[in-house]
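Topology and contacts: notes
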Amino acid sequence: MANIFEDPKKAARKAQLFEAGIHALENDGWQVEKIPGFGKGSVRKITKGSQERIVSIRTTQDQWIAFPRNDAGDAWVTLSDVDAIVAVSVDDKENPRFAQVHLIEGDEMRARFDRAYQARIKAGHSVPKKRRGIWISLYDEEASSPVSRVGAGAGIAHKPIARIPLAEPGLPAEQEKKEAGHAGTDLRPLSISDAKKSLSMFLGVPEESIEIIIRS
């Protein structure tokens with residue numbers, strides 16, 4: 001998979017996707033906190049009422065996610081330590097418009113990666129440790145062949161808890177204002193229905209639970 005840090009736009013998009021994951025959790029009622037002294041940057045503690053969980057927020061711009069094996073080869077780095085995975089993917093690899101946020105139980109993701117690992121070993125593949133790990137596809141259907149499809153499909157099995165619009169990364173503020181103003185001359189006025197639909201996608205809540213009040 002490509003090194004996103006070689007492309008400033010992709011690096012900016014990664015940060016945007018990570019923030020989308022946090023916002024989606026907060027909009028779903030979770031309090032999101034960093035864990036003091038925990039060195040893994042993707043890991044957060046989330047709390048809702050009496051529920052407390054440890055999650056890893058993983059972002060992807062090609063709709064695949066990865067975890068490496070530990071040096072002993074008997075567990076997954078990070079994945080073995082968390083209760084759930086927040087997988088944040090673009091909706092389209094070539095023309096991303098939304099961040100799709102999936103909340104997936106850790107046990108299920110470990111089972112998927114275990115299947116993928118065993119299938120690759122059985123097929124004679126070299127499985128690197130620590131650095132790159134194993135990649136599985138979020139949106140391909142799982143299949144036994146090709147071997148890369150084993151473990152796939154978590155994003156199909158678990159629909160997004162939120163779809164959050166993405167801004168174009170790195171767009172200068174003046175250009176953004178200019179483009180927004182120009183676009184406004186071509187678009188029809190925003191209807192209540194359109195506003196509810198946009199808010200529903202942004203907040204990850206049903207349209208029927210959104211009430212808009214206009215006062216003059």
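Treat the numbers as computed from the prediction; the structure is a model and nothing was measured. (Residues numbered from 1 in each chain as written. Predicted model: local features only at pLDDT ≥ 70, side-chain atom pairs only at ≥ 80, totals over all residues. Heavy atoms only, no water.)

1. Considering the overall build of the chain
Of regular secondary structure, the chain possesses 5 helices and 8 strands. The order of α-helices and β-strands along the chain, N terminus first, is α-β-β-β-β-β-β-α-β-α-β-α-α. With 216 residues in all, the chain has 38% of them scored as buried. Of the contacts formed within the chain by residues at least 6 apart in sequence, a portion of 58% connects residues at least 24 apart. In the form shown here, the chain has an accessible surface area of approximately 12,700 Å², with 51% of it arising from carbon and sulfur atoms. (Helix = DSSP H or I, 4+ residues; strand = E, 2+ residues; numbered from the N terminus. Buried < 20%, exposed > 50% of the residue type's maximum accessible area, 1.4 Å probe, protein only. Contact = heavy atoms within 4.5 Å. Areas by Shrake-Rupley, 256 points an atom, 1.4 Å probe, with all protein chains shown as cover.)

2. Description of the sheet that holds strand 1 (residues 31-33)
A sheet is described by the order of its strands in space; here 6 strands give the open sequence 1-2-3-5-6-8, paired in mixed fashion. Looking at the sheet topology across the chains shown, the edges are occupied by strand 1 and strand 8 (162-165). Averaged over all adjacent pairs, the angle separating strand axes in this sheet is 30°, with direction ignored. Bridge count for strand 3 (residues 51-60) against strand 5 (residues 84-90) is 6 bridges, and the pairing is parallel. If you follow Val55 over to strand 5, its bridge partner there is Ala84. (Pairing = 2+ DSSP bridges. Axes fitted to C-alpha atoms, helices over the stretch in contact; angles between N-to-C directions.)

3. Looking at unusual backbone geometry
A cis geometry characterises the amide bond from Ser145 onward to Pro146, with omega recorded as 0°. Positionally, Pro146 belongs in the loop between strand 7 (134-137) and helix 3 (154-157). Of note, Gln63 is a non-glycine position whose phi angle comes to about 70°, a positive value. Examined against the element boundaries, Gln63 turns out to sit in the loop between strand 3 and strand 4 (64-67). We classify Gln63 as buried; its relative accessible area is 13%. Unusually for a residue other than glycine, Thr78 sits at a positive phi of about 70°. Considering the arrangement of structural elements, one finds Thr78 in the loop between strand 4 and strand 5.

4. Focus: the side chain of Gln100
Here Gln100 shows up in strand 6 (residues 98-105). With a relative accessible area of 13%, Gln100 lands in the buried category. For Gln100, the side chain forms a polar contact with the side chain of Tyr139, separated by 3.0 Å. Of the polar contacts made by the side chain of Gln100, one reaches the side chain of Arg163; its length is 3.1 Å. Ignoring sequence-local partners within four residues, the contact set of Gln100 consists of Ala87, Val88, Ser89, Asp91, Tyr139, Pro160, Ala162 and Arg163. (Polar contact = N/O pair within 3.5 Å; in protein donor to acceptor, adjacent residues only side chain to side chain.)

5. Things to note about the confidence of the model for the chain
When the pLDDT values of the chain are averaged, the result is 83; 76% of them are 70 or greater. With pLDDT under 50 throughout, residues 171-189 is counted as low confidence; its partners more than four residues away or in other chains account for 3 contacts. (pLDDT = per-residue confidence, 0-100.)

6. A closer look at helix 2 (residues 106-122)
Spanning 17 residues, helix 2 covers 24 Å between terminal C-alpha atoms, matching the ideal 24 Å at 1.5 Å per step. Buried within helix 2 we find Gly106, Met109, Arg110, Arg112, Phe113, Ala116, Tyr117, Ala119 and Arg120. Following helix 2 by one or two positions, Gly124 adopts a phi angle in the positive range, close to 85°. (Expected span 1.5 Å × (residues − 1).)

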